[in-house]
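These are the residues of each chain, in order.
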Amino acid sequence: MSLPLEGRSAIVTGAGRGLGRAEALELARLGAAVVVNDFGQPGRDGSGAASATPAEEVAAGIRAAGGRAVAHTGDVADHQQARKLVELAVAEFGQLDILVNNAGILRDRMVFSMSEDEWDSVIRVHLKGHFNTTHFAAAHWRARSKAADAPVYGRIVNTSSEAFLAGSAGQPNYAAAKGGIVGLTTSTALALAKYGVTANVICPRARTRMTADVFAGFQEPAGDGSEDRLDPLAPEHVAPLVGYLASPAAAQVNGQLLVVHGGMVAVVERPRVAAKFDTKQDAFTYDELDALLTPHYADRPTGETFAAAEVLGLKHE
């Protein structure tokens, strides 16, 4: 029996460690040839010298297990390095079929304390990085589709965060970037559907280098006493969903947002209109809006906003 991704090729960014590493290994396990991208800086804030070691070690591990993989150590936030990343996949494997965007950094601070550089650097790596690779992958698929005069196979899996959904107070740059990624994904999903390409976005929760302090006090719940039980926050809980979204089985899944962690996947519904008000005149006045909107919000719970904080309570049952 053939593997679901046999004959396919994939790019995974930020794949030298954590989530990206687990995703690259899963795609390879499912049969894909993988370009393992990682800039290799040691600091989760993007600090330190770039290193080829993380990407090369993951690629070597895939090859040692019988798979096909090459390393790419460029910075996806650099437009031309992202172009070379896509070109590498095409040169090595003949074409690109799957793009998994995962690369990111953290520079947390409250909005009133955040510097311009802390804002710009996080937006650059997350949001611009997602755009750069998507741009060149989309151009590749569009050109192939036009040449064949038919849809082609293309899958994009982007990485957002519950920080966007729930509104993380100490991460205005990260939450904004992750929200932008959702907008990029839904726009891409509509733009590329006619070419045979799907684009979806996940909000994963996992214990990685970036979240080590966030989950430092989280202890694995007591179970059967086996020391071999998988950590509920292990990246390996996320990787299978990425593999599924990259597969032919997910052909009808497009423009969707899914939360995933610890043996649970939640499909998040798009925003719905909660209320609608119409003016009784040619245009609204301040007094009319006051009479309509002030009572509407008067009984709302304190602190309730557009943010969906309830997603933080989701767990495997």
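Provided above is the structure to which this section pertains.
Engineer: Would you mind showing me how to read the pattern of salt bridges here?
Structural biologist: Proximity of charged atoms lets side chains of opposite charge pair with each other. Applying the stated criterion to the full structure yields 11 salt bridges. For the salt bridge of Arg29 with Glu26, the shortest nitrogen-to-oxygen distance reads 3.0 Å. A residue pair is termed a helical-turn pair when its members lie 3 or 4 positions apart in one helix, as Arg29 and Glu26 do in helix α1 (residues 18–29) at three residues. On the basis of relative accessible area, Arg29 is assigned to the exposed category, the value being 53%. With a closest N to O distance of 2.7 Å, Arg205 and Glu162 form a salt bridge. Of the two residues, Arg205 is situated in the loop between β6 (197–204) and α7 (239–245) and Glu162 in helix α5 (residues 162–166); the sequence distance between them amounts to 43 residues. We note that Arg205, like Glu162, is buried.

Engineer: Whenever I open this one, a nonpolar patch on the surface confuses me. Can you help?
Structural biologist: Together, Phe284, Leu289, Leu293 and Tyr297 line one region of the surface with nonpolar side chains, adding up to about 340 Å² of accessible area. By secondary structure assignment, the location of Leu293 is in helix α8 (residues 286–298). A residue is classified by how much of its surface remains accessible, and Leu293, at 32% relative accessible area, is partly exposed.

Engineer: Which parts of the structure should I look at to understand unusual backbone geometry?
Structural biologist: Leave glycine aside and you will find that most residues have negative phi; peptide bonds, for their part, are mostly trans. You will see that Asp149, though not glycine, has its phi angle at about 55 degrees, which is positive. By the element assignment, Asp149 lies in the loop between α4 (116–148) and β5 (154–159). Asp149 gets classed as exposed once you look at its relative accessible area, which sits at 70%.

Engineer: So what exactly am I meant to see when it comes to the packing of α4 against helix α6 (residues 172–192) here?
Structural biologist: Angle between the axes and distance between the axes are the two parameters that describe a pair of packed helices. For the pair α4 and α6, interaxial distance at closest approach is 8 Å and the crossing angle is 15 degrees. The pairing of α4 with α6 is recorded here as roughly parallel in orientation. Crossing handedness for the pair α4 and α6: right-handed. For the pair α4 and α6, contact is made by Glu118, Trp119, Val122, Ile123, His126, Leu127, His130, Phe131, Thr134 and Ala138 and by Pro172, Asn173, Tyr174, Ala176, Ala177, Lys178, Gly180, Ile181, Leu184, Thr188 and Leu192, respectively. Broken down by class, the residue content of the contact of α4 with α6 amounts to 13 nonpolar, six polar and two charged.

Engineer: Just checking my understanding: could you explain the nonpolar core for this structure?
Structural biologist: Proteins that are soluble and globular tend to have nonpolar side chains buried together. Ranked by size, the top nonpolar core spans 32 residues in total, and within it Leu27 and Val36 carry the most contacts. Listing elements by their share of this core, those giving two or more residues are β1 (9–12), α1, β2 (33–37), α2 (53–64), β4 (98–100), α7 and β7 (257–261). Look past the residues within four positions of Val36 in its chain and what remains in contact with it is Val12, Ala15, Ala24, Ala55, Val58, Ala59, Ile62, Val70, Ala71 and His72. Listed in part, the 24 residues of the second largest apolar core include Leu96, Ala103, Phe136 and Ile156.

Engineer: In this structure, what is going on with the sheet that holds β6? I would like to understand it.
Structural biologist: Adjacent strands of a sheet pair through backbone hydrogen bonds, lying either parallel or antiparallel. What the eight strands build is an open sheet, ordered β3-β2-β1-β4-β5-β6-β7-β8; its pairing is mixed. The open sheet has two edge strands, β3 (69–72) and β8 (264–268), and neither has a second partner. On average, each strand axis in the sheet is tilted by 20 degrees relative to the strand beside it, whichever way the strands run. Two strands pair when backbone bridges link them, and β2 and β3 are joined in this way by four bridges, in the parallel orientation. Opposite Val35, over in β3, you have Val70 as the bridge partner. In this fold helix α3 (residues 79–93) packs onto β1, β2 and β3, with an angle of close to 160 degrees to the strand it touches most, β3. Its contacts with the sheet put α6 on β5, β6 and β7, and the angle it makes with β6 is roughly 160 degrees.

Rules used in this analysis
Residues numbered from 1 in each chain as written. Predicted model: local features only at pLDDT ≥ 70, side-chain atom pairs only at ≥ 80, totals over all residues. Heavy atoms only, no water. Salt bridge = Lys/Arg side-chain N within 4 Å of Asp/Glu carboxyl O. Helix = DSSP H or I, 4+ residues; strand = E, 2+ residues; numbered from the N terminus. Buried < 20%, exposed > 50% of the residue type's maximum accessible area, 1.4 Å probe, protein only. Patch = residues over 30% accessible without salt bridge, like charges linked within 9 Å, V, L, I, M, F, W, Y side chains within 5 Å. Areas by Shrake-Rupley, 256 points an atom, 1.4 Å probe, with all protein chains shown as cover. Axes fitted to C-alpha atoms, helices over the stretch in contact; angles between N-to-C directions. Parallel < 35°, antiparallel > 145°, perpendicular 65-115°, else oblique. Left-handed = near helix turned anticlockwise from the far one by under 90°. Contact = heavy atoms within 4.5 Å. Nonpolar A, V, L, I, M, F, W, Y, C, P; charged D, E, K, R; others polar. Core = buried A, V, L, I, M, F, W, Y, C linked by side-chain atoms within 4.5 Å. Pairing = 2+ DSSP bridges.

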